[in-house]
Amino acid sequence: NSPDFPVPVLEHLTECQSTNSSSVLFWFGSNGYPRKGVVIGCNTSPRGLACDSAGSIFVVGDFQNFAQFIETPTAVPPALGPGGTLVMKIDSAATLRWAFRYGGSTYDVFYSVGVHENSVYAAGRAFSTDVPLMNPFQPMHAGGTTDLLIAKFDVCEQSLGITPRGPLKLCPGDSVLADGGEGWQRYLWSTGDTTRFLTIRTAGRYRVYATDSAGCTGVGQLDVEMLPKLVAALRLPALEAAPGDRV
């Protein structure tokens with residue numbers, strides 16, 4: 001809840017209201033002090049973490065308010081309830097690479113996660129009786145009991161480059177068109193737009209997440225600067241003129 005963490009928070013993946021608590025991941029240096037952090041959501045509780053050799057972090061846990069989901073078609077059921085579990089990847093630069101939800105119509109959560117090559121393994125418990133599983137069995141709980149849930153996700157990542165259709169340093173009133181690239185089925189910009197093209201009129205860092213028809217994800221970003229407004233000052237030398245003279 002504190003707004004004054006003594007560490008630079010590089011990314012706010014979800015903006016929270018003052019009445020909500022945020023979950024923050026920190027990177028610590030060899031001296032034991034935090035070097036950077038990333039806010040990952042409002043009322044979102046990380047339960048398990050894993051790292052790969054490239055320094056990326058994989059997170060599983062609960063979610064209630066996390067907007068930037070890059071949902072793979074095989075992982076997200078149409079009957080997803082309000083208590084689904086969160087699976088996400090953040091790279092070593094604190095950039096969200098992908099995130100998706102998983103679960104049935106009530107409440108399911110992963111507590112641990114592991115990574116091997118392009119596969120993510122997660123384990124937790126299931127309350128729902130309609131969890132999307134590869135086997136014919138479903139949780140059959142009664143009296144508040146739960147069942148063990150183990151899942152493997154094969155996440156495919158592709159490179160994505162944003163193409164600016166114009167200069168990235170804008171004068172006041174100007175704009176630039178950003179192209180998220182062709183060949184993707186779904187787009188999600190950091191502004192909330194879901195189209196391939198984005199018209200940018202203000203300075204800032206803009207990021208696009210995309211998913212293709214096979215469920216592969218890509219992320220790209222673009223930095224736009226705003227040039228200062230120029231004000232022309234006209235200076236004239238001191239002159240003396242008699243009435244009726246022209247200057």
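Keep in mind the model is a prediction, meaning the values are calculated, not measured.

Focus on the pattern of salt bridges
Okay, so step 1: Under the criterion given, the structure shown has three salt bridges.
Okay, so step 2: Between Arg 196 and Asp 179 there is a salt bridge; the shortest N-O distance is 2.7 Å. Taken together, the positions of Arg 196 in the loop between β14 (186-189) and β15 (197-200) and Asp 179 in strand β13 (residues 176-179) put the pair 17 residues apart, joining distant regions of the chain.
Okay, so step 3: For Arg 196, a relative accessible area of 27% puts it in the partly exposed group.
Okay, so step 4: Residue Asp 179 is classed as buried on the basis of its relative accessible area, which comes to 4%.
Okay, so step 5: In this structure, Arg 205 and Asp 223 form a salt bridge, with 2.8 Å as the shortest nitrogen-oxygen distance. Of this pair, Arg 205 sits in strand β16 (residues 204-211) while Asp 223 is found in strand β17 (residues 217-226), placing the two residues 18 residues apart along the sequence.
Okay, so step 6: On the basis of relative accessibility, which here comes to 48%, the residue Arg 205 falls in the partly exposed class.
Okay, so step 7: Judged by its relative accessible area of 38%, Asp 223 is partly exposed.
Okay, so step 8: When salt bridges that share partners are traced, they join Arg 165, Asp 179 and Arg 196 into one network.

Things to note about the nonpolar core
Okay, so step 1: Counting residues in each nonpolar core, the largest one holds 17 residues, and the members touching the most others are Val 87, Trp 98, Phe 110 and Phe 153.
Okay, so step 2: Elements supplying a minimum of two residues to this core: β5 (57-62), β7 (96-102), β8 (108-116), β9 (119-126) and β10 (147-154).
Okay, so step 3: Residues within four places of Val 87 in sequence aside, it is in contact with Val 59, Val 60, Trp 98, Ala 99, Phe 100, Phe 110, Val 120 and Phe 153.
Okay, so step 4: Within the second largest apolar cluster, 15 residues are counted, among which are Ile 162, Tyr 187, Trp 189 and Leu 222.

Thresholds, definitions, all that
Residues numbered from 1 in each chain as written. Predicted model: local features only at pLDDT ≥ 70, side-chain atom pairs only at ≥ 80, totals over all residues. Heavy atoms only, no water. Salt bridge = Lys/Arg side-chain N within 4 Å of Asp/Glu carboxyl O. Helix = DSSP H or I, 4+ residues; strand = E, 2+ residues; numbered from the N terminus. Buried < 20%, exposed > 50% of the residue type's maximum accessible area, 1.4 Å probe, protein only. Core = buried A, V, L, I, M, F, W, Y, C linked by side-chain atoms within 4.5 Å. Contact = heavy atoms within 4.5 Å.

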